[in-house]
Amino acid sequence: MTTRTIRARDRPVFGVDVHSGDVRGDDPSYALVILDPVDEDDPDAPDADGPMARVTRDVVSFRKLCRLIDDREPLYVATDNAYELAADKGELVGFLRSLPDGTRLVQVTGAERPEPLSRVASRHGIPYGKDPMKEAEASARLAAANVGHEVTAFTDETRVKVSRGRSTGKGGWSQDRYTRRIHGNVRKRTRQVQSKLKEANLSFERDVTEKYGGYANATFTVEARPEEIPVSNSRAGDVRVEVERERRDGIEYEPLVQRRDRVIVGIDPGTTTAAAVVGLDGTVHALYSSRTADTADVTEWIIEQGRPIIVAADVEPMPETVEKFRRSFDAAGWRPTTDLPVDEKLHRTREASYQNDHERDALAAALYAYDDHEDQFERIAAKTPPRLDREAVIAGVVAGDASVESVIADLSDDGGDGGDGEDGTDETDPTEPERTEEEETIRRLRERVERLESHAESLEADLAERDERIAELESELEEARREERIEARSRRAVSRLERETDRLERERDEARETVAELEGKVETLKELWRLDHSNFDDVAADQGLASVKVVEQFTLDAIEAADEAYGLVAGDVVYLRDASGAGRRTAERLAETEPRAVIRDGNLSDVADQVLFDHDVPVVPADAVPVREVDELAVASEEELEAALGDWERRAERRRKAEKQEYLDRIISGHRAGRTLPETEE
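Residues numbered from 1 in each chain as written. Predicted model: local features only at pLDDT ≥ 70, side-chain atom pairs only at ≥ 80, totals over all residues. Heavy atoms only, no water.

(A) Molecular detail of the pairing of strand β10 (residues 239-255). Pairing of strand β6 (residues 149-164) with β10 involves 12 bridges; the strand directions are antiparallel. Within the sheet, the bridge partner assigned to Val-151 lies in β10 and is Tyr-253. Here three bridges tie strand β9 (residues 234-236) to β10, and the two strands are oriented antiparallel to one another. When the bridges of β10 are listed, Ala-236 appears paired with Val-239. The antiparallel pairing of β9 with β10 creates a hairpin that spans two residues between the two strands, and Gly-237 there sits at a positive phi of about 65°. (Pairing = 2+ DSSP bridges. Helix = DSSP H or I, 4+ residues; strand = E, 2+ residues; numbered from the N terminus.)

Written out as structure tokens, the structure is:
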């Protein structure tokens, strides 16, 4: 990155790193480095060989950091991890929403799987130190060089909503005029916003809700960022305008600069051809599938995504179509030892979003190829000098089948462009004596020996790593066997407990059957007891009690049921549990049994009361003669019953006299009127 890189910008770049505390705790402090743009005409501007920008360093609180971002509106807020500014996804979305228009949050270490900041800084020649202030400065300088990914939770579409700025109210003399004025102003402001969007040549869609006198609201979906839209948040009188970017489904990372990086390509040929592109860091870049595209179309799409160094298939042997793609890109090939099972492909691609099984198979091939080469990529990156393109070295080793040292030597000799010097010309010293053919052969052989020795050392390192991996896997295997033994013991214990549970459940069922059998015997004994004590009236009389026969409801069916169960005979005391609702026929049926008394719970109908009174059947309330019940047997106090009957007799006598008096009054009235009296009752 040159001085001109910073000077070309008209806005500062912020670099941020946690200085002390924890973002999930209280009041974390941040190391802040601000790279201010430098005006070349400024007499205080540094020389071209001096600092890249004017640097300001400070330690600030999160609140002060937000205030500085609002005041300065930097181009980038750079950090090595976006979650150092937010405790979780929700807070990160809130922080992104609070950023001024045009300010972007940049994670300089990559996307979802970031690299160490030290490695990124070393690769781009940026000074780095473990001190928070130095890490913040490294982040700022990397972002200023367009290194990193923008962290975003919003799409490039913006929603502009024009709506009422105040309520239409609850009514009044001028309600209609007031509402019409508000809706008219909303319509007027909507037309102004639409005119500004058209003047800015912005593509948009409009959705309007029409109301009395104009619009209640209008929503514009604009294909642009808020800073590109000539409308801002406002509220004036009857109308308010809200500008808000559309939310994505989650947090996404977009590279600041699109480069044609080296990539791994997985291909699934067939009726539907699918391809997947994965970066050398394992990031899924793009997926493609088509039933109509030919080889040229697929090749063109892959070229747009990057430069393949590995072309992978998910089956063994590699299909001829995939082999053609590999040869056309002069890339290395990868295929599994056996066809990849569907369940393994589903598991490996579980975090990716694909449209069909063909894209899934292509993506699985690319990801498994990356897994197989990941350790090799890391070893190559560790050996690559900071000034060389790491991906170019990886491509030379993997696709060119050369050693790391030879590729590094070739790139160093070519100046990174393939030539011997900066312009690709030979830089042989003209003063060096010309070598003979034999000396030149010896020189080439020595260089080849050096490369082979370096390659042998690399292979020995790989062998040592594989031995370590084997030991690690053996340890994991032993641990798995131990866990399997523990699980087997657990299964045996569970089986034993299940057998014990089954035994207890059988005993419970047998006990329930025994209880049911005993309950049946008890019912039989009750029936026998009732038959044996048919003279229960005599037994109850000895105790000063009167036996009571219970009728559940004052209906014909209930009376018949009680008659079948107990036998209703003259002189019985009958207890009506529900005396309401009976008519003449039901009352006459009960009167036919000539009961000694009827104890009622509830009120009798007038018809039933008159029928029982005419048949001289005493009816007393349950409150006067409480009934005690034991199963189907019921008794009442003889003394209370006699007292209630005596009271009924007195009331009945008064009722007879009243009826007789009423009858005489009717006779006298009829006589005075000169009418023939109807035939009197006996």
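(B) The arrangement of unusual backbone geometry in detail. Put simply, Glu-316 and Pro-317 share a cis peptide bond, and its omega is 0°. Here Asp-616, not a glycine, exhibits a phi torsion of approximately 55°, which is positive.

(C) Highlighting the environment of Gln-610. Position of Gln-610 among the secondary structure elements: in helix α17 (residues 606-614). Residues contacting Gln-610, with those up to four places away along its chain left out, are Arg-655 and Glu-659. (Contact = heavy atoms within 4.5 Å.)

(D) Local environment of the pattern of salt bridges. Going through the model one piece at a time under the given rule, you end up with 43 salt bridges. Across the pair Asp-314 and Lys-345 runs a salt bridge, and its minimum N-O distance is 3.2 Å. Taken together, the residues span a long stretch of sequence, with Asp-314 in the loop between β14 (307-312) and α8 (320-329) and Lys-345 in helix α9 (residues 342-348) at a distance of 31 residues. Per residue, the accessibility class of Asp-314 equals that of Lys-345, and both read buried. Between Arg-656 and Asp-616 there is a salt bridge whose closest N-O contact spans 3.4 Å. With Arg-656 in helix α18 (residues 638-672) and Asp-616 in the loop between α17 and β19 (619-621), this pair connects stretches of sequence that are 40 residues apart. Taking the relative accessible area as the measure of exposure, Asp-616 reaches 47% and is therefore partly exposed. Members of the salt-bridge network, linked through shared partners, are Asp-314, Lys-345, Asp-357, Arg-360 and Asp-361. (Salt bridge = Lys/Arg side-chain N within 4 Å of Asp/Glu carboxyl O. Buried < 20%, exposed > 50% of the residue type's maximum accessible area, 1.4 Å probe, protein only.)

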